[in-house]
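Here is how the chains run, residue by residue.
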Amino acid sequence: MSARMSPLTFDDVHFAAGGRKLVCGISFALGSSGISVLLGPNGAGKSLALRLAAGLLVPSAGAVRASAARAIVLQRPVLLRRSVADNVAYPLALRGVPRSERAARVRRALEA
């Protein structure tokens, strides 16, 4: 790999939920040019890998490194199923802002 960081790198990524290992030891690096395809049967972990790449989920172990400019569009976007306030609160929850502080911060943001 070159000295420059790839736009997306999975380094021995693991993800578990509900006591089940869902992703075990995925490693790859994608360059900044060309088209990449994530292909596999239903239940193989494609959407889970995309959620990890987008930062919507945090790996149980390993590391996901991605360029700052990244986005994901899912078949059923969660942003369209939640309220505006819930969408504003979501990144605060991801950053560990206590629930007791989120409502006030969301209210201030929406008022602004």
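This text goes with the structure placed above it.
Note that the structure is a prediction, hence the values are computed from the model and not measured.

Conventions used here
Residues numbered from 1 in each chain as written. Predicted model: local features only at pLDDT ≥ 70, side-chain atom pairs only at ≥ 80, totals over all residues. Heavy atoms only, no water. Pairing = 2+ DSSP bridges. Helix = DSSP H or I, 4+ residues; strand = E, 2+ residues; numbered from the N terminus. Axes fitted to C-alpha atoms, helices over the stretch in contact; angles between N-to-C directions. Contact = heavy atoms within 4.5 Å. Buried < 20%, exposed > 50% of the residue type's maximum accessible area, 1.4 Å probe, protein only. Patch = residues over 30% accessible without salt bridge, like charges linked within 9 Å, V, L, I, M, F, W, Y side chains within 5 Å. Areas by Shrake-Rupley, 256 points an atom, 1.4 Å probe, with all protein chains shown as cover. Salt bridge = Lys/Arg side-chain N within 4 Å of Asp/Glu carboxyl O. Phe/Tyr/Trp six-rings, centres within 6.5 Å; stacked < 30°, edge-to-face > 60°. Lys NZ or Arg CZ within 6 Å of the ring centre and 35° of its normal. Arc of directions from axis to C-beta.

A.B. asks: Break down the sheet that holds strand E1 (residues 8–17) for me, citing the residues and quoting the values.
C.D. replies: Taken together, three strands build an open sheet; the order of strands is E2-E1-E3 and the sheet is antiparallel. Unpaired on one side and paired on the other, strand E2 (20–30) and strand E3 (61–66) mark the two borders of the sheet. When the angles between neighbouring strand axes are averaged without regard to direction, this sheet yields 25°. Against the sheet, helix H1 (residues 46–54) contacts E1, E2 and E3, and its axis sits at roughly 115° relative to E1.

A.B. asks: Please set out unusual backbone geometry residue by residue, giving values where relevant.
C.D. replies: One non-glycine residue, Asp12, lies in the positive phi region at around 50°. Along the polypeptide, Asp12 turns up in strand E1. By relative accessible area, Asp12 is classed as partly exposed at 40%.

A.B. asks: Can you tell me about a nonpolar patch on the surface, naming the residues and giving the values?
C.D. replies: A cluster of nonpolar side chains, Ile35, Val37 and Leu39, forms an exposed patch at the surface whose accessible area comes to about 430 Å². One can find Leu39 in the loop between E2 and H1. For Leu39, a relative accessible area of 78% puts it in the exposed group.

A.B. asks: Talk me through the packing of aromatic side chains; I want residue IDs and the actual numbers.
C.D. replies: Counted according to the given criterion, the structure contains one aromatic pair. Both rings, one in Phe10 and one in Phe28, keep their centres 4.6 Å apart while their planes meet at 15°; by these two values the pair is stacked. Within this pair, whereas Phe10 is found in strand E1, its partner Phe28 is found in strand E2, the two being separated by 18 residues in sequence. It is Arg82 that lies over the ring of Tyr90; its NZ or CZ is 4.5 Å from the centre.

A.B. asks: A description of H1 should follow, citing residues and the corresponding values.
C.D. replies: For the α-helix, the turn length of 3.6 residues means that residues three or four positions removed from each other point alike. Among the residues making up H1, those that are buried are Leu48, Ala49, Leu52 and Ala53. Viewed along the axis of H1, the buried residues span an arc of 140°, placing them on a single side of the element. Looking one or two residues past H1, Gly55 carries a phi angle of roughly 85°, positive in sign.

A.B. asks: Kindly report on helix H2 (residues 84–94), identifying the contributing residues and their values.
C.D. replies: For H2, the set of buried residues is Asn87, Ala89 and Leu92. Residues of H2 that are buried in the fold lie against helix H3 (99–111).

A.B. asks: I'd love a proper account of the pattern of salt bridges, names of residues and values included.
C.D. replies: Side chains that carry opposite charge are capable of pairing whenever their charged atoms lie near each other. Inspection of every chain in the model, using the stated rule, returns one salt bridge. Where Asp11 meets Arg65, a salt bridge forms, and the shortest distance between an N and an O atom there is 3.5 Å. In this pair, Asp11 is assigned in strand E1 and Arg65 in strand E3, connecting sequence segments 54 residues apart. Among the residues examined, Asp11 registers a relative accessible area of 37% and is labelled partly exposed.

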